[in-house]
Amino acid sequence: MTSAQVDNGQADEPEAAKAGTSTEGYQRGLGARQIQMIAIGGAIGTGLFLGAGKAIGRAGPSLILAYALAGLVIFFIMRALGELLMYRPVSGSFSEYAREFVGPFAGFVTGWTYWLFWVVTGITEVTAAATYMTYWWNIPQWLSALVFTLILYGANLISVKLFGELEFWFSMVKVTAIVGMILICAGVLTVGFSDAGDTATVANLWNDGGFFPHGVAGTMMTLQIVMFAFLAVELVGVTAGESKDPKTVLPKAINTVPWRIAVFYVGALIMILSVVPWSTFEPGVSPFVAAFEQMGLGVGAAIVNFVVLTAALSSCNSGMYSTGRMLRDLALNGQGPKAFTKLTGNGLPLVGTTFSAALMLVGVWINYQWPGEAFTYVVSFATISGMWAWIMILVSQIRYRAAADRGLLPQSSFKAPGAPASSWYALGFIAVVIVMMAIDKDARISLYCAPLWALLLGVSYLVLRARNPGSAFFAKRR
């Protein structure tokens, strides 16, 4: 649903929901079970399975605190998104809300930036998945990447229900792996089995240099890695237009954020760092794999490799899903080619998904030709582009709440607790993360790329507005 439809009195869509369709043309094929797992899976990715290794080396046990603080901010972001979704559930929600409450240019930038985020993420994840395959078989990396891309592309063109099923099982594997890891570590700490049984103790959290072995500054420098691990948690908002019962399902999914973070991040790290001293972990090595090796459970390496493979495929699958819908939303608002508005007979954005998948294939080729630092810099740009969506969610919620409190808009049935103060706090936290990225030489390149992308979008926006001077989509609504 676009802002124009809201203005024409089409904000409510109970009959469409009952019929199993959306007023946007999408099919409401995602049930409660799938939405819950998409929400859970969005919080668990390669940022946790692999990225935590580098972060542990920088912060030591205090990384647990960094994840807890960032997790609180993520909860504020998700509740802000939830308030907006219950006011008006739409697919491609970030750009729609940015356009309505910030301005048409903000909506344009948000839509295209979030699309770019998932294209870049899809490129990196499908290539990572191909790399993980070499653990078992000596097959060309490009071939695995091609096969994975085509399989996920095909799955996203069959039905939204199939996407939901794939994401459900991908998430189930990740959740099972982390819960299993926590239980094994608990057994080592209490019963004392495995090679690590004699040295495993909760005191490992402070024995080796203290809880802050590199000081508070070391912990602060990990915030960008921590926030990268949480990217995609907002994906549940993109599913709003295709949820069977968004008014019921989405709040439940969002309210699970605190315990997801408490268990999968804070809980998992407490257990791992209690069993294995933090100083034994190495950057670039999954702490899960390293922990299994320290415990003498070599089979754990193969298991974790499979889990990381599913995490990468899950992320790429989500990218396939979201990019087509973001492009269609932009096209419906006159901010993208009209070809992207077309849907298949079963309500899938064929052209947008195909275009995005084609770019992901180009990225695989680029990574094959020029592996190394240049590609790593592109990944760091994904972090800053992903955080832009969070910024727009928070700003939009602040402006929506102000308008609703003045009686200009209906109140949401799912208000963000502590807002707008909580939203301002989250914005401040994100600002600190960006400052940390500017200080870190490895991440600084992403801040150099951001202005270039903004310039490209600015020129494109001016061209589109000049070609459509009378279009209502370029007029600010609030």
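Note that the coordinates shown come from a computational prediction; the quantities given were computed from them, not determined experimentally.

Colleague: Looking at this model, I keep getting lost on the overall build of the chain. Mind explaining?
Modeller: When helices and strands are tallied, the chain shows 21 helices and 0 strands. Within the chain, the fraction of its 478 residues that count as buried is 58%. Of the contacts formed within the chain by residues at least 6 apart in sequence, a portion of 80% connects residues at least 24 apart. In the structure as shown, the chain presents an accessible area of about 18000 Å², 68% of it carried by carbon and sulfur atoms.

Colleague: Explain the packing of aromatic side chains to me, please; I cannot follow it from the model alone.
Modeller: How two aromatic rings sit relative to each other is given by the distance of their centres and the angle of their planes. One pass over the full model with this rule turns up 19 aromatic pairs. With a centroid separation of 5.5 Å and 45° between ring planes, the pair formed by F340 and F355 is classed as tilted. Taken as a pair, F340 in the loop between helix 17 (299-332) and helix 18 (350-369) and F355 in helix 18 lie far apart in primary sequence, 15 residues in all. F340 gets classed as buried once you look at its relative accessible area, which sits at 7%. By way of ring pairs, the aromatic residues W112, W115, F340 and F355 are connected into one cluster. In this arrangement the basic side chain of R79 is found over the ring face of F414, its NZ or CZ atom lying 3.9 Å from the centre.

Colleague: How do you make sense of the confidence of the model for the chain when you look at a structure like this?
Modeller: Should the pLDDT be low somewhere, the predicted coordinates at that spot are not to be read in detail. Confidence in the prediction of the chain, expressed as mean pLDDT, is 79, and 80% of residues score 70 or more. Helix 1 (residues 3-7) is the least confidently modelled element of the chain, averaging 36 in pLDDT, while helix 20 (residues 421-439) averages 93, the highest of any element.

Colleague: Teacher, can you tell me more about the nonpolar core here?
Modeller: For soluble globular proteins, the rule of thumb is that nonpolar side chains tend to be buried together. With 135 residues, the main nonpolar core has I74, M227 and W390 as its most contacted residues. Top contributing element to this core by residue count: helix 8 (residues 104-133), with 18 residues. Apart from the residues within four sequence positions on either side, I74 is in contact with M227, F230, V233, V257, I261 and W390.

Colleague: Whenever I open this one, the packing of helix 6 (residues 63-87) against helix 13 (residues 223-230) confuses me. Can you help?
Modeller: Geometrically, a packed helix pair is captured by the angle between its two axes and the distance between the axes. At their nearest, the axes of helix 6 and helix 13 sit 10 Å apart, and the two run at 50° to each other. One element, helix 6, and the other, helix 13, form an angle in the oblique class. You can see that helix 6 and helix 13 cross each other, and the crossing is right-handed. For the pair helix 6 and helix 13, the contacting residues are L63, A66, Y67, A70, G71, V73 and I74 in the first and L223, V226, M227, A229 and F230 in the second. Taken together, the residues of the contact of helix 6 with helix 13 break down into 11 nonpolar, 1 polar and no charged.

Colleague: Explain the pattern of salt bridges to me, please; I cannot follow it from the model alone.
Modeller: Between side chains of opposite charge, a pair can form as their charged atoms come close. In total, this model carries 4 salt bridges according to the counting rule given. With a shortest N-O distance of 2.9 Å, D440 and R58 are connected by a salt bridge. Of this pair, D440 sits in the loop between helix 20 and helix 21 (444-467) while R58 sits in helix 5 (residues 51-59), and the two are 382 residues apart along the sequence. Take D440: its relative accessible area is 6%, and that puts it in the buried class. Overlapping salt bridges bring together R88, E96 and E100 as one network.

Colleague: In this structure, what is going on with a nonpolar patch on the surface? I would like to understand it.
Modeller: There is a patch of nonpolar side chains on the surface, built from L65, L69, L72, F212, V216, M220, Y425 and V432 and spanning about 620 Å² of accessible area. Elements with a contribution of two residues or more to the nonpolar patch: helix 6, helix 12 (215-220) and helix 20. At 3 residues, helix 6 tops the list of elements feeding residues into the nonpolar patch. Within the secondary structure, M220 is located in helix 12.

Colleague: Could you clarify how one ought to interpret the environment of Q294 in this entry?
Modeller: Secondary-structure assignment places Q294 in helix 16 (residues 287-294). By relative accessible area, Q294 is classed as partly exposed at 41%. A C-alpha to C-alpha distance of 7.1 Å links Q294 and V276, two positions 18 residues apart in sequence.

Rules behind the numbers
- Residues numbered from 1 in each chain as written.
- Predicted model: local features only at pLDDT ≥ 70, side-chain atom pairs only at ≥ 80, totals over all residues.
- Heavy atoms only, no water.
- Helix = DSSP H or I, 4+ residues; strand = E, 2+ residues; numbered from the N terminus.
- Buried < 20%, exposed > 50% of the residue type's maximum accessible area, 1.4 Å probe, protein only.
- Contact = heavy atoms within 4.5 Å.
- Areas by Shrake-Rupley, 256 points an atom, 1.4 Å probe, with all protein chains shown as cover.
- Phe/Tyr/Trp six-rings, centres within 6.5 Å; stacked < 30°, edge-to-face > 60°.
- Lys NZ or Arg CZ within 6 Å of the ring centre and 35° of its normal.
- pLDDT = per-residue confidence, 0-100.
- Core = buried A, V, L, I, M, F, W, Y, C linked by side-chain atoms within 4.5 Å.
- Axes fitted to C-alpha atoms, helices over the stretch in contact; angles between N-to-C directions.
- Parallel < 35°, antiparallel > 145°, perpendicular 65-115°, else oblique.
- Left-handed = near helix turned anticlockwise from the far one by under 90°.
- Nonpolar A, V, L, I, M, F, W, Y, C, P; charged D, E, K, R; others polar.
- Salt bridge = Lys/Arg side-chain N within 4 Å of Asp/Glu carboxyl O.
- Patch = residues over 30% accessible without salt bridge, like charges linked within 9 Å, V, L, I, M, F, W, Y side chains within 5 Å.

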